[in-house]
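# Tertiary structure, described
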Amino acid sequence: MSPLELDFESCYRAVSSRDARFDGRFYTAVTTTRIYCRPICPARTPSSRNVRFYRHAASAEAAGFRPCKRCRPELSPGDPGWDVRGDLVGRALRLIDDGAADERGVAGLAGRLHITERHLHRLFVAELGVGPLAVARTKRLLLAKQLLTETALPVTDVGFAAGFGSVRQFNAAMRETYGFTPSELRATAGGPARAAGAQSPRVGAPLRLRLHRREPYDVEGVFAFLAARAIPGLEVATTASYSRAVPGGVITLTPLPGHIALDVAVDDTRQLARLVARCRRLLDLDADPGAIAEALGQTSLRPLVEARPGLRVPGTFDGFELAVRAVVGQQISVAGARTLLGRIVARAGRPAAGADATTPALLFPSPEQVLEADLQQLGLTGRRVLTLKELAARVADGRLDLDGGQEPAEAVEALLDVPGIGPWTASYIALRALRDPDAWPTGDLVLTKRMAALGITDDHIERWRPWRAYAALHLWSSS
């Protein structure tokens, strides 16, 4: 099924068999109940004459359907088709997930993409049948629904955490779209939510959410990759958990059967939507492992694909941070890069709120802080310091956007214009920060050695399109 089109027969077969491969790719709306569901919903399969299929939850809600309380569409993994698209709509959807529309409105979102609001609306209607405002509203409602169901966060705080500007707006949107108020949903929820009325959590207390993923998922590979590159002071990571300092507190990710537990301890829950979106990208939770394995499994990488089912490409929590990691890591070992990055964070970073001896204590410095910091006598070469300063300047003034606003190829071209950044560095940033599934770290010595050891010649690289980033991770992981 094409990511751009929905074939009724294919969708109905997926719903009838509850095929998990299609979870997040589309939603099934039932005209008799006015409810929309995930393809894996355990409810009885409705008659084909009573169903409609929608590519996005916002499209279903705009047509007057409410989310199912059994399969809970808010838990769906993201559509892998949108996850890999670098066009305007794909980038806009990722920015909406990141909270751009909540903070700046649709006009600000369009400005981030360097197009008019009218043009953005036209693109969304052509692709999804609804405008970006409707998509942002549905995103807020579904996050609120998850918070009301899974946590003990007070109803008022839920509204602000989900991105609503006021409690009145939150209540009105919930009643208009779902037919019940936030308090009515909370009253029917079980687990932690049921205790909410009795006692509100203290400020900064951990809040746990489930981040669902597509199976298979290479938990050990992803967490080992992050642990090997954890920056002292900023991150604490093992093969069983990952913690990092974020503005206002600390987050922790823990793999559990079927999902990743996200524990958030921050002093301002209004950044929750952004934290969720960035954690999903960090762990590559929205990838389609079946499609990737099918493509690469028919090439010279077949033994590696069979040995590491569900392999993912770890992303990043922040695009500028990843770019700094890539520059510092040029031509040195992973361990050496960790040491230098720890020194940069200690010199230029700021203390994280609520940190103690057992949690990450420092925030990664912003571009502005890197520009202001003295990076001498940290073990960096003079040329490397100049590259970091120029990189920070271009991100700070908006010439370079590494968090989704810029088209990937355009961002790579802009990176290559920075003195000291060559093809390998730009490709590595594209692979992890820009989420380009076809990025290939040109000239990487480890990849060259692994290919030689496996008897794979350079002409095979083209055969791994459009999943060369995953091919690179398979080769790196096999060393």
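Only a predicted model underlies this, so the values are computations on that prediction, with no experimental measurement involved.

This part takes up helix α9 (residues 167-178). Relative to the 16 Å expected for 12 residues at 1.5 Å per residue, α9 spans 16 Å between its end C-alpha atoms, a close match to the ideal helical length. Among all positions of α9, only F170, A173, M174, T177 and Y178 are buried. In an axial view of α9, the angular spread of the buried residues amounts to 95°, which keeps them on one side of the axis. Relative to its buried face, α9 has exposed residues pointing more than 90 degrees away, namely R168 and E176. Where the residues of α9 are buried, they touch α2 (57-62), β4 (66-67), α7 (132-150), α8 (155-162) and α10 (182-188).

If you walk through the whole model with that rule in mind, you get 7 cavities of 30 Å³ or more. Its boundaries defined by the atoms lining it, the largest cavity holds a volume of some 790 Å³. For the lining of the largest cavity, the elements supplying multiple residues, two or more each, are α3 (80-84), α4 (88-97), α7, β5 (207-212) and α12 (272-282). Looking at the lining of the largest cavity element by element, the count peaks at 6 residues for α7. Tallied by class, residues from the lining of the largest cavity come to 15 nonpolar, 8 polar and 11 charged. Within this model, the second largest cavity holds a volume of roughly 170 Å³.

Turning our eyes to something else, we now look at the sheet that holds strand β3 (residues 51-54). Taken together, 4 strands build an open sheet; the order of strands is β3-β1-β2-β4 and the sheet is mixed. The open sheet has two edge strands with one neighbour each: β3 and β4. In the sheet, strand β2 (residues 35-37) pairs with β4 via 2 bridges, with the strands oriented parallel. Within the sheet, the bridge partner assigned to I35 lies in β4 and is R66. Helix-sheet contacts for helix α1 (residues 8-17) involve β1 (27-30) and β3, and the interaxial angle to β3 is about 105°.

We now examine the packing of α4 against helix α6 (residues 117-128). Where α4 contacts α6, the axes come no closer than 10 Å and their chain directions differ by 100°. With respect to their mutual orientation, α4 and α6 come out roughly perpendicular. Across from L88, V89, A92, L93 and I96 in α4, the residues of α6 making contact are H119, L120, L123, F124, E127 and L128. Grouping the constituent residues of the contact of α4 with α6 by class yields 9 nonpolar, 1 polar and 1 charged.

Using the criterion set out here, one finds 12 aromatic pairs in the structure. Relative to Y470, the ring of W467 lies with its centre 5.9 Å away and its plane at 75°, an arrangement referred to as edge-to-face. According to the relative accessible area criterion, Y470 is buried, its value standing at 4%. One aromatic cluster is present, formed by F8, Y12, F22, F26 and F53 through successive ring pairs. Lying across the ring of F65, R34 places its NZ or CZ 4.0 Å from the centre.

Let us look at unusual backbone geometry. Going from E215 to P216, the amide bond is cis rather than trans, its omega being -5°. The residue P216 is located in the loop between β5 and α11 (219-228) in this model. The phi torsion at R18 lies on the positive side, around 55°, for a residue other than glycine. In this fold, R18 is placed in the loop between α1 and β1. Overall, R18 belongs to the partly exposed group, its relative accessible area being 32%. The backbone of Q377 sits at a positive phi, close to 60°, despite the residue not being glycine. Classification of Q377 as exposed rests on a relative accessible area of 80%.

Each value, and the rule that gives it
Residues numbered from 1 in each chain as written. Predicted model: local features only at pLDDT ≥ 70, side-chain atom pairs only at ≥ 80, totals over all residues. Heavy atoms only, no water. Helix = DSSP H or I, 4+ residues; strand = E, 2+ residues; numbered from the N terminus. Expected span 1.5 Å × (residues − 1). Buried < 20%, exposed > 50% of the residue type's maximum accessible area, 1.4 Å probe, protein only. Arc of directions from axis to C-beta. Contact = heavy atoms within 4.5 Å. 1 Å grid on protein atoms, 1.4 Å probe; cavity = no way out; pocket = protein on both sides within 12 Å on 5 of 7 lines; lining within 4 Å. Points joined across faces, edges and corners; volume = space filled by probe spheres on them. Nonpolar A, V, L, I, M, F, W, Y, C, P; charged D, E, K, R; others polar. Pairing = 2+ DSSP bridges. Axes fitted to C-alpha atoms, helices over the stretch in contact; angles between N-to-C directions. Parallel < 35°, antiparallel > 145°, perpendicular 65-115°, else oblique. Phe/Tyr/Trp six-rings, centres within 6.5 Å; stacked < 30°, edge-to-face > 60°. Lys NZ or Arg CZ within 6 Å of the ring centre and 35° of its normal.

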